[in-house]
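Structural overview
If you want the building blocks of each chain, they are given just below.
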Amino acid sequence: AMGGSPQHALLGLAIPTDGPSLAELEAMLDGLEEEAERYGVTLVGGDTCGSQSGLVLAVTLLGRVAGGRALRRSGAKPGDSLWVTGRLGASAAGLLALERGLGPAAAWPAEVPRPGWLGAGEERAIQAAIQVHLTPIPRLRAGQALVGCASAMIDVSDGVASDSRHLATESEVTVRVLAAQIPIDPSALVMARLTGREPLDLALRGGEDYELLFTAAADPRPVLTAAAPELP
């Protein structure tokens, strides 16, 4: 979210005496290293200790950006427009699905009621949401391309409602969010209907989308289309 290139990671790992097993820990570390390698990151160290309150993982990621070019939360100016990469609410929808007992790449559980309106398309949307929640994709190319175009930027970890406030506070501006222009993921519409939630609430407050929320003085779409054409 600062436009940098990731390089190194540190892992702080606190392990409870009653688990997980060594095999589970090794599988977790294999997954961490596989994901790190995918994005050119090397796990260079950290710390391991015991825990009295469950398994704790703390990851610190180090990267580089050219001097004076880092995108911060404090650069938004009056008159800038507010943008987000991708659509919102899918991760929250995926978490709701998992909490309801729906598993990744699994048939609909017999014990979970299935409404008549839910067809194959809706089920595919739910499966896509589960994958978004379990394997978020860092928007590295988009973030790097926005250096020189965006004025302030943050990743959507807590939800647009909170993260836009962070931008506004750090930049000492007011942000006005137009509800009708929030890009809601189709899976959020499905899970909202299934659980009686408001789709806009999932998009604004669900969090963990890890899209980039940023401000810009000019239309950033030409820059993003060239750098990350997969983004809607």
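Quick note: structure is the one above.
Residues numbered from 1 in each chain as written. Predicted model: local features only at pLDDT ≥ 70, side-chain atom pairs only at ≥ 80, totals over all residues. Heavy atoms only, no water.

1. Considering the overall build of the chain
Condition: Secondary structure elements are taken from DSSP: a helix is a run of H or I of four residues or more, a strand is a run of E of two residues or more, and numbering for both begins at the N terminus. Throughout this description, buried means an accessible area under 20% of the type-specific maximum (1.4 Å probe, protein chains only), exposed means over 50%, and partly exposed covers the range between. In what follows, residue pairs with any heavy atoms lying within 4.5 Å of each other are defined as contacts. Shrake-Rupley sampling with a 1.4 Å probe provides the accessible areas, and residues are treated as covered by the protein chains on show and by no other component. When charges are counted, neither His nor the chain ends are considered; positive counts come from Lys and Arg and negative counts from Asp and Glu. Throughout, a charge is located at the NZ atom of Lys, the CZ atom of Arg, the CG atom of Asp or the CD atom of Glu.
When helices and strands are tallied, the chain shows eight helices and six strands. In sequence order, the chain lays out its α and β elements as β-α-β-β-β-α-α-α-β-α-α-α-β-α. Each of the three principal axes of the chain carries a C-alpha extent, and together these read 50 × 50 × 30 Å. Across the 232 residues that make up the chain, the buried fraction comes to 35%. Counting contacts in the chain only where the partners sit at least 6 residues apart, residues at least 24 apart contribute 85% of the total. Here the chain displays about 13,200 Å² of accessible surface, and carbon together with sulfur accounts for 53% of that area. Between the centroid of the 18 positive side chains of the chain and the centroid of its 27 negative side chains there is a distance of 10 Å.

2. Quick look at the pattern of salt bridges
As a reminder of what qualifies: Here, a salt bridge means any side-chain nitrogen of Lys or Arg that lies within 4 Å of a carboxyl oxygen of Asp or Glu.
In the structure shown here, the tally under the stated rule is eight salt bridges. Of the charged contacts in the structure, one is a salt bridge between Arg141 and Glu230, with a shortest N-O distance of 3.2 Å. Of this pair, Arg141 sits in helix H4 (residues 140–145) while Glu230 sits in the segment after helix H8 (221–227), and the two are 89 residues apart along the sequence. Residue Arg141 is classed as partly exposed on the basis of its relative accessible area, which comes to 49%. We classify Glu230 as partly exposed; its relative accessible area is 46%. Here Asp201 makes a salt bridge to Arg197, at a shortest N to O gap of 3.1 Å.

3. A short note on the sheet that holds strand S2 (residues 42–51)
As a general point, the strands of a sheet are linked pairwise by backbone hydrogen bonds and lie either parallel or antiparallel. This is how it is decided: Two strands pair if DSSP finds at least two bridges between them. Note on geometry: axes are C-alpha line fits, over the in-contact stretch for helices, and angles between N-to-C directions span 0 to 180 degrees.
Strand order in this open sheet of three strands is S2-S1-S3, and the pairing throughout is mixed. Pairing within the sheet leaves two strands with one partner each, and these edge strands are S2 and strand S3 (56–64). Ignoring which end each strand starts from, the neighbouring axes of this sheet average 15° apart. Alignment of strand S1 (residues 5–16) against S3, held across nine bridges, turns out to be antiparallel. By the bridge assignment for S3, Leu10 is matched with Thr60. Contacts between helix H1 (residues 22–38) and the sheet are confined to S1, S2 and S3, with S1 contributing the most and set at about 170° to the helix.

4. As for a negative patch on the surface
Heads up, the rule is: Excluding any residue in a salt bridge, patches collect residues exceeding 30% relative accessible area, merging like charges within 9 Å and nonpolar Val, Leu, Ile, Met, Phe, Trp and Tyr side chains within 5 Å.
Judged by side-chain charge, Glu26, Asp30, Glu33 and Glu37 come together as a negatively charged surface patch. Following the sequence through the fold, Asp30 ends up in helix H1.

5. A look at a nonpolar patch on the surface
Together, Leu10, Val44 and Leu62 line one region of the surface with nonpolar side chains, adding up to about 230 Å² of accessible area. Assignment of secondary structure puts Leu62 in strand S3.

6. Remarks on the packing of aromatic side chains
Test applied: Classification of ring pairs rests on two measures: the distance between centres of Phe, Tyr or Trp rings, Trp counted by its six-membered ring, which must be within 6.5 Å, and the angle between planes, read as stacked under 30 degrees, edge-to-face over 60 and tilted in between. Should the NZ of a Lys or the CZ of an Arg lie within 6 Å of a ring centre and within 35 degrees of the ring normal, that charge is described as sitting over the ring.
Taken as a whole and judged by the stated rule, the model has zero aromatic pairs. The ring centre of Trp108 lies 5.1 Å from the NZ or CZ of Arg114, which sits over that ring.

7. Quick look at the pairing of S2
A regular strand places its side chains so that they alternate between the two faces of the sheet. How we decide: A right-handed crossover is one whose linking path, passing over the helix from the first strand to the second, runs clockwise when the strands point away from the viewer.
Sheet topology places S1 next to S2; nine bridges connect them, and they run parallel. Following the sheet pairing, Ala14 is matched in S2 by Cys49. Regarding the hand of the β-α-β motif, the stretch spanning S1, H1 and S2 is right-handed.

8. Thoughts on unusual backbone geometry
Omega for the peptide link from Gly19 to Pro20 comes to 0°, which places this bond in the cis form. Within the secondary structure layout, Pro20 lies in the loop between S1 and H1. Of note, the phi angle at Glu208 is positive, near 60°, even though the residue is not glycine. By secondary structure assignment, the location of Glu208 is in the loop between helix H7 (199–205) and strand S6 (212–216). The backbone of Tyr210 shows a phi angle near 55°, a positive value even though the residue is not glycine. Counting through the fold element by element, Tyr210 comes out in the loop between H7 and S6. Judged by relative accessible area, which is 31%, Tyr210 ranks as partly exposed.

Without other data, these values stay purely geometric and don't point to any function.
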